[in-house]
Amino acid sequence: MRNPNLKENLFMQNFKRVYALATVAMSLGLWVQRIYNWENRAKSAIALLMYIFVVVSFELYMVPMFAAIVIIYEFLARWVGFKPFETWIMNADQQDQVSKEEDNEDSEDFSLTAKMKMVLGVCQTVQNSLDIVASYCERVKNVFNWTIPFLSFMAASVLITGTIVVYFVPLRWIILAWGCNKLTVKLRNPEYEENQELLNFLSRLPSDVELNQMRVITKRLLQEI
């Protein structure tokens with residue numbers, strides 16, 4: 001049976017494990033962002049052609065096939081000397097930063113105060129992340145609850161329109177048109193600023209905590225009147 005008490009060393013070890021995975025995920029996101037921004041036109045053009053080819057010819061059997069290709073490539077990278085897949089998505093600056101952090105972790109002997117500050121910082125990050133996730137989940141719920149009727153009506157209208165479009169137009173061609181537009185927007189208009197429509201829509205909806213705060217404020221105002 002596991003000890004329920006908080007162990008500082010175990011906590012930091014698990015945090016480093018999650019941080020390592022998050023670093024790869026963030027590197028992948030930055031790699032996609034560089035492709036999206038057309039920083040290297042040759043790579044972005046190749047990515048666009050590959051996207052079109054994959055969407056047009058995609059079949060379900062390609063999912064396990066792609067996973068098998070990645071596993072085989074990592075085997076060749078380990079035993080033959082190919083470049084690992086992880087280094088394809090991490091640029092030189094990120095690889096240097098990761099190696100420096102690993103060297104610092106091995107060489108530095110943190111004091112108890114430094115360790116406690118690090119633990120508190122991690123706890124604060126986890127707390128803020130949980131708040132963000134919970135808030136967006138509650139905002140999605142409030143769309144269906146008609147908390148803000150106008151926004152719920154707008155969401156229902158968009159979903160009905162999307163249902164009609166998907167019924168008459170194959171999903172493959174919708175994804176193809178959406179992806180080509182996303183990948184070429186920076187090429188067509190370098191000054192274009194990306195807009196997250198879904199997040200912007202959800203940000204206009206209150207979370208449950210904000211609803212409770214508004215109720216308390218409204219009640220106080222009515223009492224003062």
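Everything in this summary refers to the structure shown in the same document. Fair warning: this is a prediction, and the values are worked out from it, not measured in the lab. (Residues numbered from 1 in each chain as written. Predicted model: local features only at pLDDT ≥ 70, side-chain atom pairs only at ≥ 80, totals over all residues. Heavy atoms only, no water.)

Regarding the pattern of salt bridges
Part 1: Applying the stated criterion across every chain yields a total of two salt bridges.
Part 2: A salt bridge links Arg139 to Glu210; its shortest N-O distance comes to 3.4 Å. Of this pair, Arg139 sits in helix α6 (residues 112-144) while Glu210 sits in helix α10 (residues 208-224), and the two are 71 residues apart along the sequence.
Part 3: In this structure Arg139 comes out as buried when scored by relative accessible area, which is 12%.
Part 4: Of the residues examined, Glu210 reaches a relative accessible area of 30% and is grouped as partly exposed.
Part 5: One salt bridge in this structure joins Asp208 and Lys141, with 2.7 Å as the shortest N-O distance. With Asp208 in helix α10 and Lys141 in helix α6, the pair connects residues that are 67 residues apart, well separated along the chain.
Part 6: The exposure class assigned to Asp208 is partly exposed, which follows from its relative accessible area of 23%. (Salt bridge = Lys/Arg side-chain N within 4 Å of Asp/Glu carboxyl O. Helix = DSSP H or I, 4+ residues; strand = E, 2+ residues; numbered from the N terminus. Buried < 20%, exposed > 50% of the residue type's maximum accessible area, 1.4 Å probe, protein only.)

A word on the nonpolar core
Part 1: Core analysis: the largest hydrophobic core is formed by seven residues, namely Ile35, Trp38, Leu48, Val55, Leu176, Cys180 and Leu183.
Part 2: Looking at this core element by element, the count peaks at three residues for helix α8 (residues 171-188).
Part 3: In this structure Cys180 touches Leu48, Tyr51 and Ile52, once residues within four positions along its chain are discounted.
Part 4: With six residues, the next largest nonpolar core counts Val143, Phe201, Leu202 and Leu205 among its residues. (Core = buried A, V, L, I, M, F, W, Y, C linked by side-chain atoms within 4.5 Å. Contact = heavy atoms within 4.5 Å.)

Points about the packing of aromatic side chains
Part 1: Using the criterion set out here, one finds one aromatic pair in the structure.
Part 2: On the basis of an interplanar angle of 85° and a centroid distance of 5.0 Å, the ring pair of Tyr167 and Phe168 is categorised as edge-to-face.
Part 3: Across from the ring centre of Tyr136, 5.3 Å away, lies the NZ or CZ of Arg139, which sits over that ring. (Phe/Tyr/Trp six-rings, centres within 6.5 Å; stacked < 30°, edge-to-face > 60°. Lys NZ or Arg CZ within 6 Å of the ring centre and 35° of its normal.)

Observations regarding a nonpolar patch on the surface
Part 1: A surface patch of nonpolar side chains, amounting to about 840 Å² of accessible area, comprises Val56, Ile160, Ile164, Val165, Tyr167, Phe168, Val169 and Trp173.
Part 2: With five residues, the single largest contributor to the nonpolar patch is helix α7 (residues 149-168).
Part 3: Inspection of the secondary structure assignment puts Val169 in the loop between α7 and α8.
Part 4: The partly exposed category is assigned to Val169, whose relative accessible area is 34%. (Patch = residues over 30% accessible without salt bridge, like charges linked within 9 Å, V, L, I, M, F, W, Y side chains within 5 Å. Areas by Shrake-Rupley, 256 points an atom, 1.4 Å probe, with all protein chains shown as cover.)

Points about helix α2 (residues 41-57)
Part 1: An ideal rise of 1.5 Å per residue puts 24 Å on 17 residues; α2 measures up with 24 Å between its terminal C-alpha atoms.
Part 2: If you check which residues of α2 are buried, you get Ser44, Leu48 and Val55. Considered in projection along α2, the buried side chains sweep an arc of 45° and stay on one side of the axis. Exposed and facing more than 90 degrees away from the buried side of α2 are Lys43, Leu49, Met50 and Phe53.
Part 3: For α2, the side-chain oxygen to backbone nitrogen distance between the N-cap and Ala42 is 3.2 Å, and the N-cap itself is Asn40. (Expected span 1.5 Å × (residues − 1). Arc of directions from axis to C-beta. Polar contact = N/O pair within 3.5 Å; in protein donor to acceptor, adjacent residues only side chain to side chain.)

Some thoughts on the side chain of Ser152
Part 1: As for its position among the elements, Ser152 is in helix α7.
Part 2: Given a relative accessible area of 3%, Ser152 falls into the buried group.
Part 3: In this structure, Ser152 is in contact with Asn142, Val143, Trp146 and Thr147, ignoring residues within four places of it in sequence.

What to know about the environment of Val185
Part 1: On the secondary structure map, Val185 appears in helix α8.
Part 2: Sequence separation between Val185 and Tyr36 is 149 residues, and the spatial gap between their C-alpha atoms is 8.4 Å.
Part 3: In contact with Val185, other than residues within four places in its own chain, are Tyr36 and Tyr192.

A word on the environment of Gln33
Part 1: Secondary-structure assignment places Gln33 in helix α1 (residues 8-36).
Part 2: Sequence separation of Gln33 and Leu183 is 150 residues, and the distance between their C-alpha atoms is 9.9 Å.

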